[in-house]
Amino acid sequence: MSFAACKGKSKSTKCKIKTAPRSCGGRFCTPTFHFCFLTMPEETERKTLDQRQQMTELERIRHSAAHVLATAILRIWPDAQFAAGPPVENGFYYDVELSHRITPEDFAQIEAEMKKEIKANHTFERQTVTRNEALELGTKGRLGALSERATPSKFKLDIIEGIPEHETISLFQNGDFLDLCAGPHVMRTGNIGAFKLTHVASAYYKGDERNPQLQRIYGTAFKNKTEMEAYFTMLEEAKKRDHRKLGRELELFIFDEDVGPGLPLWLPNGTVLIEELEKLAKETEFAAGYQRVRTPHLARENMYLTSGHLPYYAESMFPPMILRQEGPLHPLLDKQLKELDHEATELAKLVLTKEKLGAIAEQARITGDNPSTVIAAELETIKAVDVAQMIRDIAMRRLASSMLQGALLDEPEHYYLKAMNCPHHHKLFGAVQRSYRDLPLRLAEYGTCYRYEQSGELFGLMRVRSMQMNDAHIYCTEEQFEAEFNAVNEMYLKYFATFGIDKYLMRFSTHDPSKLGQKFVDQPELWKKTEEMVRNVLKKSGINYVEVPNEAAFYGPKIDVQVWSAIGREFTIATNQVDFAVPARFGLTYKTKENTEATPLCIHRAPLGTHERFIGFLIEHYAGNFPLWLAPEQVRVLPIGDEEPLINYSKEIVAELRAQGVRVESDFSSDHIKAKIASAEQKKVHTMLVIGNRDLEANNVSLRVHGKGNLGAKPRNEVIADLLQAIKERRA
RNA sequence: GCCAACGUAGCUCAGCUGGUAGAGCAGCUGAUUCGUAAUCAGCAGGUCACGGGUUCGAAUCCCGUCGUUGGCUCCA
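Conventions used here
- Residues numbered from 1 in each chain as written.
- Chains lettered and ligands numbered in written order.
- Predicted model: local features only at pLDDT ≥ 70, side-chain atom pairs only at ≥ 80, totals over all residues.
- Heavy atoms only, no water.
- Salt bridge = Lys/Arg side-chain N within 4 Å of Asp/Glu carboxyl O.
- Helix = DSSP H or I, 4+ residues; strand = E, 2+ residues; numbered from the N terminus.
- Buried < 20%, exposed > 50% of the residue type's maximum accessible area, 1.4 Å probe, protein only.
- Lys, Arg positive; Asp, Glu negative; His and termini not counted.
- Pairing = 2+ DSSP bridges.
- Contact = heavy atoms within 4.5 Å.
- Axes fitted to C-alpha atoms, helices over the stretch in contact; angles between N-to-C directions.
- Core = buried A, V, L, I, M, F, W, Y, C linked by side-chain atoms within 4.5 Å.
- Polar contact = N/O pair within 3.5 Å; in protein donor to acceptor, adjacent residues only side chain to side chain.
- pLDDT = per-residue confidence, 0-100.
- Right-handed = clockwise from strand over helix to strand, strands pointing away.
- Phe/Tyr/Trp six-rings, centres within 6.5 Å; stacked < 30°, edge-to-face > 60°.
- Lys NZ or Arg CZ within 6 Å of the ring centre and 35° of its normal.
- Parallel < 35°, antiparallel > 145°, perpendicular 65-115°, else oblique.
- Left-handed = near helix turned anticlockwise from the far one by under 90°.
- Nonpolar A, V, L, I, M, F, W, Y, C, P; charged D, E, K, R; others polar.

What follows concerns the pattern of salt bridges. Scanning the entire structure with this criterion turns up 36 salt bridges. The partner of D95 in a salt bridge is R216, with the nearest N and O atoms 2.7 Å apart. Here D95 is found in strand β3 (residues 91–97), whereas its partner R216 is found in strand β8 (residues 213–222), with 121 residues between them in sequence. This pair shows no difference in class: D95 is buried, exactly as R216 is. In this structure, E547 engages R535 in a salt bridge whose closest nitrogen and oxygen atoms are separated by 2.8 Å. Placement of the pair is E547 in strand β18 (residues 545–548) and R535 in helix α17 (residues 524–540), with a sequence separation of 12 residues. Judged by relative accessible area, E547 falls into the partly exposed class, the value being 36%. Assessed through its relative accessible area of 16%, R535 is described here as buried.

Shown next as structure tokens:
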């Protein structure tokens, strides 16, 4: 498994959960995985005018809303300088330079001006101009403005500079507001059915920190009020389901300053989730013919040099642990150094008294200076220039000897925390003689990895620095590849069914043949073959997928798996990658039927992603109301009152469930039954067994399920049998 | 990493323009013996993230550090 640093300028929210994954020109990194290992960063390509015309209706509305926003800001602050105002995933923004610092308190006033502009229902008039005309308008401050102004439209002028010679330059005007803009827009300002400003942020012009910092005003817009309300309702629901909030309330995990940022600690309730997921993965993988392995959390530098991770992505790894090796001086050097010291001392004696020398030696001992250097300095002060020079020479030679000594010693050893498991697994493949009979070999491990994410990237469980990955590497022959890849996809679908994920998308990333040898390993035949195989598998299995050209990993095509939570938010949780390059770097081979050596293909796969991210997703998906099999507290027994027979009956039920491996607790507090129920509901305990005297007499329990209320009294044995069955089949 | 905002009891938050900290829930103790979302009372809980500074006096103002959150060109 591989990873990459999201380096360069745009390393930001693209990789965050809230933003849909998209082309990031080789910087496409999912929140869990940085799988674009060895995918070289490249410049973002400029959008063509044709591409811009493909804006959806909603994007046009939002882009137009950005212009209306600018119009409104100018009405209030006429000297505002505008940069870019595109539609974005959930709305739009406009970057503005303005001495007044806009705060959410200003929103009402700005929105009022925007409403006026929408009510005026101005058309968006397009006109094309020559480069010179555009420059002139910019110089007069007319672009991104309501009228000509004393100061030029500096950002607009800069943007014009960036437009290629052959491209048409267009302007859009709504009312007084004239803007340099490639469009497209809606017909009239009145077509913006509903909008709202949401927040302010700062952003560098063109995202470059050397450029001035602008205020970025964010808003969203929709065709109509109903759609906008649905959006805000979804946001509120997301807030209620925020995994950080629920994680604290349900005591799933914590972060601790002393442990470090991005390093989650799992409380017992959260650990239940982890262990249930591992149980699921282990069962599923065992059935699919995987073998489990275990590897250490760190390794020597050399392995990551072999894998190719270190030369490119050291930044994304925790800095190395350095094992210093301080050995004795090399005998020859020791002798040479002693001679030099002697020489220096003899020379010094020519001009310095014994007492003075003693004092200097003592001083050097205290300060840790080289005595030769100190003596040289001392001689300097007493003008014994020639002798000083000679001694300085000796000091220099002494220094050179010390450096030589350093070079002769072994380099200090470096160990790195692993950022991925694949190199370790490759080592396991290579450790034993392999024959074609051993393939496919499927090595699975819930491996713990560490990645040094930038502090600004950390986000709850979604972006962490330590993670446990549902990892496995399948080593197979080309002939086996299709079946293996298909089996992996089948596994995904099975998991989706288990978790009630009904919306998903597989993004199939392929290579660009023109970039063979640069961005992609130069094996055109293998690319063609593996891509075709992956495509076949996807087509045949009827899996929902899209093909994304030019985004494959360096070593092979890949699939990123996007899923949508119950409230429709998108998460990128997992990946599959074909790797026909790295096994060769590790010299992995197997004996073929013809008794020749061949290098296996490798499939990296992690359907459940990492515990951190997957559980973060599940918390939102279930709003913390986990199905029985996952629920940290599956059952709570609540006796009505504390009479001894009732308590005994309750304890019997608890013991019986516990003996069957059910996570059951009891509430024998002196609270009234209503209070006991309230606290169990609040903790989202899945099943409550309320037990009163009526139940005791009939050998019943009163069943209450979280979120479903009272389901009435039922025979004890029936309820217990059904609980066990539901857990066993991981019923939703 | 950079910019910004935020950091008060376990949790959610109050604490005005500076006058040495407060509520609800949770916790503990006691009473209450109750049939499906909160019985009552009492007690205990804080170096106001940390470190400096200004001031007679700082949770409050200033600076720094740490942490959290939002943002950091899907371009005119």
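Right, let's talk about the side chain of R451 for a bit. Assignment of secondary structure puts R451 in the loop between β15 (441–450) and β16 (466–476). Buried charge R451 goes without a salt bridge, the closest partner of opposite sign being E453 at 5.5 Å.

Here we come to the sheet that holds strand β11 (residues 291–292). On the basis of which strands lie adjacent, the open sheet formed by 8 strands has the order β11-β15-β16-β23-β20-β19-β17-β18 and mixed pairing. Only two strands of the sheet have a single neighbouring strand rather than two, namely β11 and β18. Of the strand pairs in this sheet, strand β20 (residues 570–579) and strand β23 (residues 601–605) are connected by 4 bridges, and their pairing is antiparallel. Note on β23: the bridge partner recorded for N576 is R605. In this fold α17 packs onto β17 (504–509), β18, β19 (558–564), β20 and β23, with an angle of close to 165° to the strand it touches most, β17.

F481, F499, M506, V563, L618, F626 and L630 are the most contacted members of the largest nonpolar core, which has 88 residues in total. Take this core: its biggest share by element is 7 residues, from helix α16 (residues 478–498). L618 has contacts with L277, F499, A623, F626 and L630, leaving out every residue within four places of it along the chain. Listed in part, the 33 residues of the second largest apolar core include M114, F124, F172 and V186.

A few words on the sheet that holds strand β24 (residues 635–639). Whenever strands of a sheet pair, they do so through backbone hydrogen bonds, lying parallel or antiparallel. The sheet built from 5 strands is open, its strands ordered β25-β24-β26-β27-β28 with mixed pairing. The sheet terminates laterally at β25 (664–666) and β28 (709–715), the two strands that pair on one side only. Between one strand axis and the next, the sheet turns through 25° on average, direction left out of account. By the bridge criterion, 3 bridges tie β24 to β25 in an arrangement that is parallel. Directly across from V637, in β25, lies its bridge partner S666. In this fold helix α20 (residues 644–659) packs onto β24, β25, β26 (687–691) and β27 (700–705), with an angle of close to 170° to the strand it touches most, β24.

The subject of this paragraph is the side chain of T572. Along the polypeptide, T572 turns up in strand β20. A polar side-chain atom of T572 sits 2.9 Å from a polar atom in the side chain of E570.

Attention shifts here to the environment of H297. The topology assignment puts H297 in the loop between β11 and β12 (298–300). Residue classification places H297 among the partly exposed positions, given a relative accessible area of 33%. Here the alpha-carbon distance between H297 and D158, two residues 139 residues apart in the chain, equals 49 Å. When residues no more than four places from it in sequence are discounted, the contact partners of H297 are Y416, L417, K418, T448 and Y450. Side-chain polar atoms of H297 contact the side chain of Y450, separated by 3.0 Å.

Our focus in this paragraph is unusual backbone geometry. For the bond from L439 to P440, the omega torsion is -5°, close enough to zero to count as cis. Relative to the elements of secondary structure, P440 occurs in the loop between α15 (422–431) and β15. Despite not being glycine, N595 shows a phi value in the positive range, around 65°. Relative to the assigned elements, N595 resides in the loop between β21 (590–591) and β22 (597–598).

The next thing to look at is the confidence of the model for chain A. Here chain A shows a mean pLDDT of 84. Residues at 70 or above account for 87%. Residue range residues 1–44 is modelled with pLDDT below 50. Its contacts to residues more than four positions away, or to other chains, number 169 contacts. The ipTM for the predicted assembly is 0.92, set against a pTM of 0.81.

Turning next to the pairing of β17. With respect to burial, β17 is a largely interior element, 6 of its 6 residues being buried. With burial as the criterion, each face of β17 is covered, one bearing Y504, M506 and F508 and the other bearing L505, R507 and S509. Alignment of β17 against β19, held across 6 bridges, turns out to be antiparallel. From the neighbouring strand, R507 faces β19, where its bridge partner is D560. Where β17 meets β18, 4 bridges bridge the pair, whose relative direction is parallel. Along β18, the bridge assignment pairs S509 with V548. In this view, the connection linking β17 to its parallel neighbour β18 by way of α17 has right-handed handedness.

Applying the stated criterion across every chain, the model contains 22 aromatic pairs. Plain terms: the ring middles of F222 and Y231 are 5.3 Å apart, the flat faces sit at 40° to each other, and that makes the pair tilted. Residue classification places F222 among the buried residues on the basis of a relative accessible area of 7%. Clustering of aromatic rings is evident, with ring pairs tying together F499, F571, F614, F617 and W629. The aromatic ring of F222 is capped on one face by R62, whose charged end is 4.7 Å from the ring centroid. One cation-aromatic arrangement involves R465 over Y452; the distance from NZ or CZ to the ring centre is 4.3 Å.

On to the packing of α20 against helix α23 (residues 716–728), then. Viewed as axis vectors pointing N to C, α20 and α23 meet at an angle of 30°, and their least axial separation amounts to 11 Å. Between α20 and α23, the interaxial angle falls into the category roughly parallel. In the crossing of α20 with α23, the sense of the turn from one axis to the other is right-handed. Across the interface between the two elements, Y649, E652, I653, E656 and L657 of α20 pack against R716, I720 and L723 of α23. Residues of the contact of α20 with α23, tallied by class, amount to 5 nonpolar, no polar and 3 charged.

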